[in-house]
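Observations on the three-dimensional arrangement
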Amino acid sequence: MSHYLEFFKQFRTTFETTGAIAPSSRFLASDMAGPMRQHQGPKQVLEIGPGTGAVTRQIVKQIQPGDQLDLVELNEKFVEILHQRFDKEKGFQEIKHQTSIHNCPLQDYGAGQEYDYIVSGLPLNNFPTELVGEIFKAYFRLLKPGGVLSYFEYMYVRPLRKVISRGEENQRIRQIDEIMANYTREYRIQTDWVWLNLPPAWVQHLQKDKGNAPLLAEQAASKELKP
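Residues numbered from 1 in each chain as written. Predicted model: local features only at pLDDT ≥ 70, side-chain atom pairs only at ≥ 80, totals over all residues. Heavy atoms only, no water.

Topic: helix H5 (residues 76-88)
Over its 13 residues, H5 runs 19 Å from end to end, which matches the ideal 18 Å to within 8%, given 1.5 Å per residue. Of all the positions in H5, only Phe78, Val79, Ile81, Leu82, Arg85 and Phe86 are classed as buried. All buried residues of H5 lie within an arc of 160° about the axis, which places them on one face of the element. In H5, those exposed residues whose orientation departs by more than 90 degrees from the buried face are Glu76 and Lys88. Measuring from the side-chain oxygen of the N-cap residue of H5 to the backbone nitrogen of Lys77 gives 2.9 Å; that N-cap residue is Asn75. (Helix = DSSP H or I, 4+ residues; strand = E, 2+ residues; numbered from the N terminus. Expected span 1.5 Å × (residues − 1). Buried < 20%, exposed > 50% of the residue type's maximum accessible area, 1.4 Å probe, protein only. Arc of directions from axis to C-beta. Polar contact = N/O pair within 3.5 Å; in protein donor to acceptor, adjacent residues only side chain to side chain.)

Shown next, in the form of structure tokens:
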């Protein structure tokens, strides 16, 4: 409950970079971490915008000996909470030696490696257009060929804002919509609908050079892709 209260406090004071009133539900978190469940061998995982660690908790369950988990979080209070969790909570403690937490913006994160999986909780609809473009470039710069990016957005929020917003805000939303649509058309392999979340959300799974490493191709083929 303390994590929920702190999340709501940060939502009130830093809405642009927090973007949600509560941590992700366990159902949303499970879908975000889903692609890595079938991985064979050591893997490198990057979580971006973990907040208080709701999705991190599901990722932690998938970390095996030889794996590496990096977390990039801009909010200093959330970074403090994450350190506390890795210091004190069972499961988190067990993989602390395989984990690094970085307090910086994603575009400033200079990783010396590429990742098999990137899981992002960034509130992209809140950001300036140029920043959204920079973030997607960073996602794909950090992904290995065949690597999977998983991110979520709240259902129908952007389409609704396109209808009700005016002027510069309307232009910003439409430009963000175009950026994200370009990437999903090129790289999307699966979309999950998560109704048991506040608010309900879509989880988008994109794969870099998916033709070379169809990690989720068989799963995606059995599910209807939704816009």
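A closer look at the sheet that holds strand E3 (residues 99-102)
With mixed pairing, 7 strands are arranged side by side in an open sheet as E3-E2-E1-E4-E5-E7-E6. For this open sheet the edge positions go to E3 and strand E6 (188-194), each flanked by a neighbour on one side alone. Ignoring which end each strand starts from, the neighbouring axes of this sheet average 15° apart. Where strand E4 (residues 115-120) lies against strand E5 (residues 143-154), 5 bridges are found, and the strand directions are parallel. Residue pairing in the sheet places Ser120 in a bridge with Tyr151 of E5. Helix-sheet contacts for helix H6 (residues 129-142) involve strand E1 (44-48), E4, E5 and strand E7 (201-207), and the interaxial angle to E5 is about 145°. (Pairing = 2+ DSSP bridges. Axes fitted to C-alpha atoms, helices over the stretch in contact; angles between N-to-C directions. Contact = heavy atoms within 4.5 Å.)

Some remarks on the nonpolar core
Core analysis: the biggest nonpolar cluster contains 27 residues, and Ile118, Leu124, Phe136, Tyr139 and Leu149 have the highest contact counts within it. Secondary-structure elements contributing two or more residues to this core are E1, E4, H6, E5 and helix H8 (167-187). Element by element, the count of residues in this core is highest for H6, at 8 residues. Ignoring sequence-local partners within four residues, the contact set of Ile118 consists of Leu46, Ile48, Tyr139, Leu142, Leu143, Val148, Leu149 and Ser150. Met32, Met36, Val60 and Phe92 belong to the second-largest nonpolar core, a separate cluster that totals 26 residues. (Core = buried A, V, L, I, M, F, W, Y, C linked by side-chain atoms within 4.5 Å.)

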